[in-house]
Amino acid sequence: MTNKVINGFTSAWKGLSLTVSHLFASNAKRKVISASDNNYFKQLEGTNTIQYPKQSLPVPEVGRYQLDVEMDDCIVCDLCAKICPVNCIDIEAIKATEAIGQTSDGTTKRLYAAKFDIDMAKCMYCGLCTIVCPTECIVMTNQYDKTVFELSDLTYQFSDMTPEEAAEKRALLDKQLAERQAAKEAAMKNKPGQTGEGTV
């Protein structure tokens, strides 16, 4: 029993000594340098933390952070949502009755994005969605500080289409499909040699 008590005090003293030594080891602010600097991981001087938010860590060029979508370049192909391993991208497309414009790279847009939501609480920052995007409209920005009070606030809605506008686009599509079906049926009735009766 005595050995256990001694070991407990010894462990506590070692831990406390280490904490106190770090507390008084340095009082100077650590200089913020680029992550690509050769001495980035060799800094031993200065405090162990930066003075946030006055100071911020340099963001690497290949860093993977907050997702952003340029909807003007989105063709609503759904490839990003299909490849996402955690299903954090939710897209609802509505087919347009005609071409609705072009992206910055000249791709014709034929689908409306009634919904384009990204749940950053689920995102694992793998970057796969940015790789498969044919128009490069979804990118990872250098914004890493997205502190919120409610978990629901981490779901970002990129589509600017209102529910009323979406309903109107669906109605136009339904009307066009109905007109095409009616025209097809009328053409079948007026086709020569079609009496509608079977042969014996």
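Because the structure is predicted, anything quoted here is derived from the model rather than measured.

Below, the discussion takes up the nonpolar core. In this structure, Leu67, Val69, Ile89, Phe116, Ile118 and Ile138 are the most contacted members of the largest nonpolar core, which totals 24 residues. The set of elements that each furnish at least two residues to this core consists of β1 (67-69), α2 (79-83), β2 (89-95), β3 (111-119) and β4 (138-140). With three residues, β3 is the single largest residue contributor to this core. Not counting the four nearest positions on each side in its chain, leucine 67 is found in contact with Ile118, Met120, Cys123, Cys129, Thr130, Ile138, Val139, Met140 and Phe158.

Tallied over the full model, the rule gives two aromatic pairs. Centre to centre, the rings of tyrosine 65 and tyrosine 144 are 5.7 Å apart; their planes meet at 50 degrees, and the pair counts as tilted. In this pair, tyrosine 65 sits in the loop between α1 (2-25) and β1 while tyrosine 144 sits in the loop between β4 and β5 (155-157), placing the two residues 79 residues apart along the sequence. Under the relative-accessibility criterion, tyrosine 144 is labelled partly exposed at 39%. An angle of 90 degrees between the planes, with centres 6.3 Å apart, marks the rings of phenylalanine 116 and phenylalanine 158 as edge-to-face. Linking phenylalanine 116 in strand β3 with phenylalanine 158 in the loop between β5 and α4 (163-189), this pair joins segments that are 42 residues apart in sequence. Here phenylalanine 158 falls in the buried class, since its relative accessible area comes to 17%.

On to the sheet that holds β5. Strand order across the open sheet formed by three strands is β2-β3-β5, with antiparallel pairing between neighbours. Both edges of this open sheet fall to β2 and β5, since each of them pairs with a single strand only. Going from strand to strand, the sheet's axes swing by 15 degrees on average, the running direction of each strand aside. The pairing of β2 with β3 spans seven bridges and is antiparallel. What sits directly across from isoleucine 91, in β3, is phenylalanine 116.

What follows is about the confidence of the model for the protein. Detailed conclusions should not be drawn from predicted coordinates in areas where pLDDT is low. Taken over all residues, the pLDDT of the protein has a mean of 84, while the share at 70 or more is 85%. Within the protein, the lowest mean pLDDT, 83, falls on α1, and the highest, 96, falls on α2.

Let's shift gears to the layout of surface pockets. Taken as a whole, the largest pocket spans an internal volume of roughly 220 Å³. If you trace the largest pocket, you find it lined by Met71, Asp72, Cys74, Val76, Ile100, Lys109, Leu111, Tyr112, Ala113, Ser159, Asp160 and Met161. Across the lining of the largest pocket, the residue classes break down as eight nonpolar, one polar and three charged.

It is worth spelling out the pattern of salt bridges at this point. Side-chain pairs of opposite charge can arise where the charged atoms are in close proximity. Scanning the entire structure with this criterion turns up two salt bridges. Measuring nitrogen to oxygen at the nearest pair gives 2.7 Å for the salt bridge that ties aspartate 90 to lysine 115. Of this pair, aspartate 90 sits in strand β2 while lysine 115 is found in strand β3, placing the two residues 25 residues apart along the sequence. Arginine 170 is paired through a salt bridge with glutamate 92; the nearest N and O atoms lie 2.3 Å apart. Here the residue arginine 170 occupies a position in helix α4, and glutamate 92 occupies one in strand β2, the gap between them amounting to 78 residues.

Bringing α4 into the picture now. Spanning 27 residues, α4 covers 39 Å between terminal C-alpha atoms, matching the ideal 39 Å at 1.5 Å per step. Close packing links the buried residues of α4 with β2 and β3.

So, how was this worked out
- Residues numbered from 1 in each chain as written.
- Predicted model: local features only at pLDDT ≥ 70, side-chain atom pairs only at ≥ 80, totals over all residues.
- Heavy atoms only, no water.
- Core = buried A, V, L, I, M, F, W, Y, C linked by side-chain atoms within 4.5 Å.
- Buried < 20%, exposed > 50% of the residue type's maximum accessible area, 1.4 Å probe, protein only.
- Helix = DSSP H or I, 4+ residues; strand = E, 2+ residues; numbered from the N terminus.
- Contact = heavy atoms within 4.5 Å.
- Phe/Tyr/Trp six-rings, centres within 6.5 Å; stacked < 30°, edge-to-face > 60°.
- Pairing = 2+ DSSP bridges.
- Axes fitted to C-alpha atoms, helices over the stretch in contact; angles between N-to-C directions.
- pLDDT = per-residue confidence, 0-100.
- 1 Å grid on protein atoms, 1.4 Å probe; cavity = no way out; pocket = protein on both sides within 12 Å on 5 of 7 lines; lining within 4 Å.
- Points joined across faces, edges and corners; volume = space filled by probe spheres on them.
- Nonpolar A, V, L, I, M, F, W, Y, C, P; charged D, E, K, R; others polar.
- Salt bridge = Lys/Arg side-chain N within 4 Å of Asp/Glu carboxyl O.
- Expected span 1.5 Å × (residues − 1).

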